[in-house]
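Report on the structure
Now for the letters of each chain:
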Amino acid sequence: GVAIEARGLARTYGRGGGGHRALHDCSFRLPAGRVCALVGPNGAGKSTLLNLAAGLDRPGAGTLSVLGSRDPAAVRGRIAHVAQDKPLYPQLTVADTLWAGAELNPGRWDRATADRVAGTLPGTARVRALSGGQRTRLALALALGKRPELMLLDEPMADLDPLARHELMGVLMAEAAEHGTSIVMSSHILTELEGACDYLLFVDGGRVRLGGEAEDIVSAH
Ligand code: ADP
Ligand code: ADP
């Protein structure tokens, strides 16, 4: 199967001639079941692409198929999107946040995985009191608990220390291996994702410039 397929995809912010072309002429195909690194400098268009794939925003031109649908918003229930600012209710405790995750995903919630990933977090702490790394851990626990077919993670490793990064990478890779989950995670630092991803998409200046098997790309350069 194919997780994401883009043809001539474009997104411009703002109206008229002064619009900013955040993405343009993007055509690529990401096979399902891969752990894909979306790598490019700040401002390259990574968040824009992830927002489009999550059905949170609409392309200005071109087509984008996600999980076989031409309308990503229609398959949102099968997607977990973790934004860079990880919007979580700041006044809820960790335990209440996980409880809400279970309530909002009846019949689907993978409590064992969510609790395992959130394991070291203090259950009674409020989200607003958590560090950036702890918030990332909680956001990933919520995302994994949904048992999504596609995970779209915007700079998920940015706030993590190396040990937590290594651990959570392992969790994500195990998820992909066990359940065939497709995972796309962005970073402006390739080495942050190195070793964990088997597929690479490079984006720069609003264009996806190179994509393919990590093995092929790394050995050719
Ligand atoms: P990144 O670290 O990926 O570059 P940004 O800090 O640029 O992220 O963007 C964070 C959020 O702000 C995103 O939701 C993005 O869409 C929005 N954003 C970025 N640039 C602008 C801008 N020039 N005007 C309005 N919103 C923006
Ligand atoms: P990345 O995630 O790779 O840092 P983004 O997708 O956040 O890149 O942004 C791509 C470009 O679009 C940047 O120049 C950014 O400033 C601009 N941009 C992003 N979101 C908005 C927005 N909501 N309004 C205006 N410009 C935006």
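As a reminder, the structure under discussion sits directly above these lines.
Only a predicted model underlies this, so the values are computations on that prediction, with no experimental measurement involved. (Residues numbered from 1 in each chain as written. Chains lettered and ligands numbered in written order. Predicted model: local features only at pLDDT ≥ 70, side-chain atom pairs only at ≥ 80, totals over all residues. Heavy atoms only, no water.)

1. Examining the sheet that holds strand 6 (residues 150-153)
Basically, it comes down to this: Here the rule is simple: two strands pair whenever DSSP picks up at least two bridges between them. Per the convention used, a helix needs a DSSP run of H or I reaching at least four residues, while a strand needs a run of E reaching at least two, with both numbered from the N terminus. Axis lines are fitted to C-alpha atoms, over the contacting stretch for helices. Their N-to-C directions set the angle, which ranges from 0 to 180 degrees. In what follows, a contact means two residues having at least one pair of non-hydrogen atoms within 4.5 Å.
Pairing is mixed across the open sheet formed by six strands, whose spatial order is 5-6-7-3-8-9. Lying at the two open borders of the sheet, with one neighbouring strand each, are strand 5 (79-82) and strand 9 (207-213). Here the average twist between neighbouring strands, direction ignored, is 15°. For strand 3 (residues 35-39) and strand 8 (residues 199-204), the ladder comprises four bridges, and the chain directions are parallel. Bridging across to strand 8, C36 finds its partner in Y199. Strands strand 3, strand 6 and strand 7 (182-187) of the sheet are contacted by helix 5 (residues 162-179), whose axis makes an angle of about 150° with strand 7.

2. Overview of the pattern of salt bridges
Oppositely charged side chains may form a pair once their charged atoms are brought near each other. The test is simple: Salt bridge, as used here: a side-chain nitrogen of Lys or Arg that lies within 4 Å of a carboxyl oxygen of Asp or Glu. Partly exposed residues are those whose accessible area sits between 20% and 50% of the maximum for their type, while under 20% is buried and over 50% is exposed, using a 1.4 Å probe and protein chains only.
Applying the stated criterion across every chain, the model contains ten salt bridges. Note that E5 and R7 form a salt bridge whose closest N and O atoms lie 3.0 Å from each other. For the salt bridge of R58 with D71, the shortest nitrogen-to-oxygen distance reads 3.9 Å. Here R58, found in the loop between helix 1 (46-53) and strand 4 (61-66), pairs with D71, found in the loop between strand 4 and strand 5; they are 13 residues apart in sequence, far enough to count as distant. Under the relative-accessibility criterion, R58 is labelled exposed at 59%. Shared partners join several salt bridges into a network, and the residues in it are E5, R7 and R29.

3. Some remarks on the site of ligand 2
Basically, it comes down to this: For this purpose, a residue is taken to be near a molecule or strand whenever a single non-hydrogen atom of the residue falls within 4 Å of it. Here a polar contact is recorded for every N or O atom pair within 3.5 Å, except that within protein the pair must consist of a potential hydrogen donor and a potential acceptor, and residues adjacent in sequence are included only if both atoms are side-chain atoms. Polar here means any residue other than Ala, Val, Leu, Ile, Met, Phe, Trp, Tyr, Cys and Pro, which are nonpolar, and Asp, Glu, Lys and Arg, which are charged; Gly is therefore polar.
The environment of ligand 2 is formed by Y13, H20, A22, P41, N42, G43, A44, G45, K46, S47 and T48. Here an oxygen atom of ligand 2 sits 3.1 Å away from a polar atom, N or O, in the main chain of A44. Take K46: an N or O atom from its side chain is 2.8 Å from an oxygen atom of ligand 2. Among the elements of the structure, strand 2 (20-31) and helix 1 are those that each provide at least two residues to the shell around ligand 2. Tallying contributions element by element places helix 1 first for the shell around ligand 2, with three residues. Grouping the amino acids of the shell around ligand 2 by side-chain chemistry returns four nonpolar, six polar and one charged.

4. A few points about the site of ligand 1
In plain terms, the rule: Working definition of accessibility: Shrake-Rupley area with a 1.4 Å probe, residue cover restricted to the visible protein chains.
All residues adjacent to ligand 1 are N42, G43, S47 and Q84. One nitrogen or oxygen atom from the side chain of S47 is found 3.2 Å from an oxygen atom belonging to ligand 1. Q84 places a polar side-chain atom, nitrogen or oxygen, 3.2 Å from an oxygen atom of ligand 1. Relative to its unbound accessible surface of 550 Å², ligand 1 loses 29% to contact with the protein. When the residues that make up the shell around ligand 1 are grouped by side-chain class, the tally is no nonpolar, four polar and no charged.

None of the figures reported here should be taken as evidence of function without further support.
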